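Structure assessment
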Amino acid sequence: MKKIHLLLVLLLTFCNIQAQENILDTDYSQYLNKKVEYCDHVFGTFVSKGNKKVILLNLGANYPNHRLVVAIFEDSWKAFNYAPAEFLKNKNICVKGKLIMYKGKPEIIVKSPDQITVKP
């Protein structure tokens, strides 16, 4: 019974890993509403003001020519043991999450730090 349970856990883990797609600078529309991983350089960051604060990370180029935006809303900031806007600026990162379009640009909303990996 334990062997079957272990096999089932491994199979589900493998399927979950395979469900995430690595994307490049291609036609983002084919990846909309799918779990993806995107890796690029954080060229700029922005912290909004007002009631619904959000940190925006511009990947691939400076605003407004960025390729993808990473959005971290204020209610998720407490999960980070670092300040994402300062710490991640000018770093190469990979971000995992569901790809959406917001104002004509691809975006991934991050809710926890384990969605972001800093690359050397």
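Our structure's up above, just so we're on the same page.
Residues numbered from 1 in each chain as written. Predicted model: local features only at pLDDT ≥ 70, side-chain atom pairs only at ≥ 80, totals over all residues. Heavy atoms only, no water.

1. Section: unusual backbone geometry
That bond from Tyr63 to Pro64 is cis: its omega, 10 degrees, falls within 30 degrees of zero. Backbone geometry places Asn33, a non-glycine residue, at a positive phi of 65 degrees. The topology assignment puts Asn33 in the loop between strand S1 (21-22) and strand S2 (35-47). Phi is positive for Asn90, close to 70 degrees, though the residue is something other than glycine. (Helix = DSSP H or I, 4+ residues; strand = E, 2+ residues; numbered from the N terminus.)

2. Quick look at the nonpolar core
Soluble globular proteins: nonpolar side chains tend toward being buried together. Counting 21 residues, the largest nonpolar core has Leu57, Leu59 and Val95 as the members making the most contacts within it. Contact partners of Leu57, with chain neighbours within four places excluded, come to Val42, Gly44, Thr45, Leu68, Val69, Val70, Ile72, Pro84, Leu88 and Ile93. (Core = buried A, V, L, I, M, F, W, Y, C linked by side-chain atoms within 4.5 Å. Buried < 20%, exposed > 50% of the residue type's maximum accessible area, 1.4 Å probe, protein only. Contact = heavy atoms within 4.5 Å.)

3. Side note on the state of the cysteines
One pass over the structure, following the stated rule, counts one disulfide. The disulfide bridge from Cys39 ends at Cys94, spanning 1.9 Å between sulfur atoms. The S-S bond linking Cys39 to Cys94 shows a torsion near 110 degrees; that makes this disulfide right-handed. Taken together, the positions of Cys39 in strand S2 and Cys94 in strand S5 (residues 92-102) put the pair 55 residues apart, joining distant regions of the chain. Given the relative accessible area of 3%, Cys94 is considered buried. (Disulfide = S-S within 2.5 Å.)

4. Observations concerning the packing of aromatic side chains
On inspection of all chains with the given rule, the structure shows three aromatic pairs. Plain terms: the ring middles of Phe80 and Tyr82 are 5.4 Å apart, the flat faces sit at 80 degrees to each other, and that makes the pair edge-to-face. A residue is classified by how much of its surface remains accessible, and Phe80, at 8% relative accessible area, is buried. On the accessibility criterion, Tyr82 (22% relative accessible area) is partly exposed. Taken together, the aromatic side chains of Phe80, Tyr82 and Phe87 make up a single cluster linked through ring pairs. Above the plane of the ring of Phe87 lies Lys91, whose end atom (NZ or CZ) is 4.2 Å from the centre. (Phe/Tyr/Trp six-rings, centres within 6.5 Å; stacked < 30°, edge-to-face > 60°. Lys NZ or Arg CZ within 6 Å of the ring centre and 35° of its normal.)

5. Points about the pattern of salt bridges
As a working rule, side chains carrying opposite charge can pair if their charged atoms are close by. Under the definition given, this model contains one salt bridge. A salt bridge links Asp40 to Arg67, with the nearest nitrogen and oxygen atoms 3.1 Å apart. With Asp40 in strand S2 and Arg67 in the loop between strand S3 (54-59) and strand S4 (68-73), this pair connects stretches of sequence that are 27 residues apart. By relative accessible area, which is 16% here, Asp40 ends up buried. With a relative accessible area of 34%, Arg67 lands in the partly exposed category. (Salt bridge = Lys/Arg side-chain N within 4 Å of Asp/Glu carboxyl O.)

6. A closer look at the side chain of Gln115
Following the sequence through the fold, Gln115 ends up in the loop between strand S6 (105-109) and strand S7 (116-119). The class for Gln115 is buried, based on a relative accessible area of 16%. Here the side chain of Gln115 touches Lys111 through a polar contact of 2.7 Å, landing on its backbone nitrogen. Ignoring anything within four residues of it in the chain, the contact list for Gln115 reads Cys94, Val95, Lys96, Gly97, Ile109 and Val110. (Polar contact = N/O pair within 3.5 Å; in protein donor to acceptor, adjacent residues only side chain to side chain.)

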